[in-house]
Amino acid sequence: QVQLVESGGGLVQAGGSLKLSCAASGRTFSIYTMGWFRQAPGKEREFVATISRGGGGTYYADSVKGRFTISRDNAKNTVYLQMNSLKPEDTAVYYCAARMGGTLSHSGPAYNYWGQGTQVTVSS
């Protein structure tokens, strides 16, 4: 079992930056592949980024590639999402998730644990 708590969301103007954090507690953090997902009002949840257990592998959705960076600090039990060049269409609730499997996945059902989410609003 692992508990996930996101933070760092807020209101930012288009072109600005935010850095989200997700703190994990419970079992050893380094055994989990971690991911970020988002859900905008009226839309389905969508994949944003994922990072391997050791942090050496990452994968991004095309919509955020080159603008967002996922990273993790296993000593701090935390995964991050640095978001630059934000656009109004990035507005959503952002969720971090953990999965027991070692492979990267963009599929929500592949993840076993989810945080409560943090709101990101980008104004035009």
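Our structure is the block above this text.
What you see is a predicted model, and the numbers here were worked out from it, not measured in a lab. (Residues numbered from 1 in each chain as written. Predicted model: local features only at pLDDT ≥ 70, side-chain atom pairs only at ≥ 80, totals over all residues. Heavy atoms only, no water.)

Participant: I'd love a proper account of the pairing of strand E3 (residues 18-26), names of residues and values included.
Facilitator: When strand E1 (residues 2-7) meets E3, the two strands line up antiparallel, connected through six bridges. In the strand pairing of E3, Gln3 is matched with Ser25. Sheet analysis places E3 next to strand E8 (residues 78-83), joined by six bridges and oriented antiparallel. Bridge pairing in E8 links Leu20 to Leu81. (Pairing = 2+ DSSP bridges. Helix = DSSP H or I, 4+ residues; strand = E, 2+ residues; numbered from the N terminus.)

Participant: Before we move on, can you summarise the pairing of strand E9 (residues 92-99) with the specific residues and values?
Facilitator: Each regular strand shows side chains that alternate between the opposite faces of the sheet. The buried count for E9 comes to seven of eight residues, which makes it a mostly enclosed element. Bridge analysis of strand E4 (residues 33-39) against E9 gives seven bridges, and the strand direction is antiparallel. Note that in E9 the partner of Gln39 across the bridge is Val93. One ladder, built from three bridges, connects E9 with strand E11 (residues 118-123); its direction is antiparallel. Residue Ala92 lies in a different strand from E11, and its bridge partner there is Val120. The pairing of E9 with strand E10 (residues 113-114) spans two bridges and is antiparallel. Its bridge partner lying in E10, Ala98 is registered against Tyr113. (Buried < 20%, exposed > 50% of the residue type's maximum accessible area, 1.4 Å probe, protein only.)

Participant: I'd love a proper account of the state of the cysteines, names of residues and values included.
Facilitator: For the coordinates displayed, the defined rule picks out one disulfide. Across a sulfur-sulfur distance of 1.9 Å, Cys22 and Cys96 are joined as a disulfide pair. Residue Cys22 is found in strand E3, and its partner Cys96 is found in strand E9; the two are separated by 74 residues along the sequence. (Disulfide = S-S within 2.5 Å.)

Limitation: the analysis is restricted to geometry and does not speak to function.
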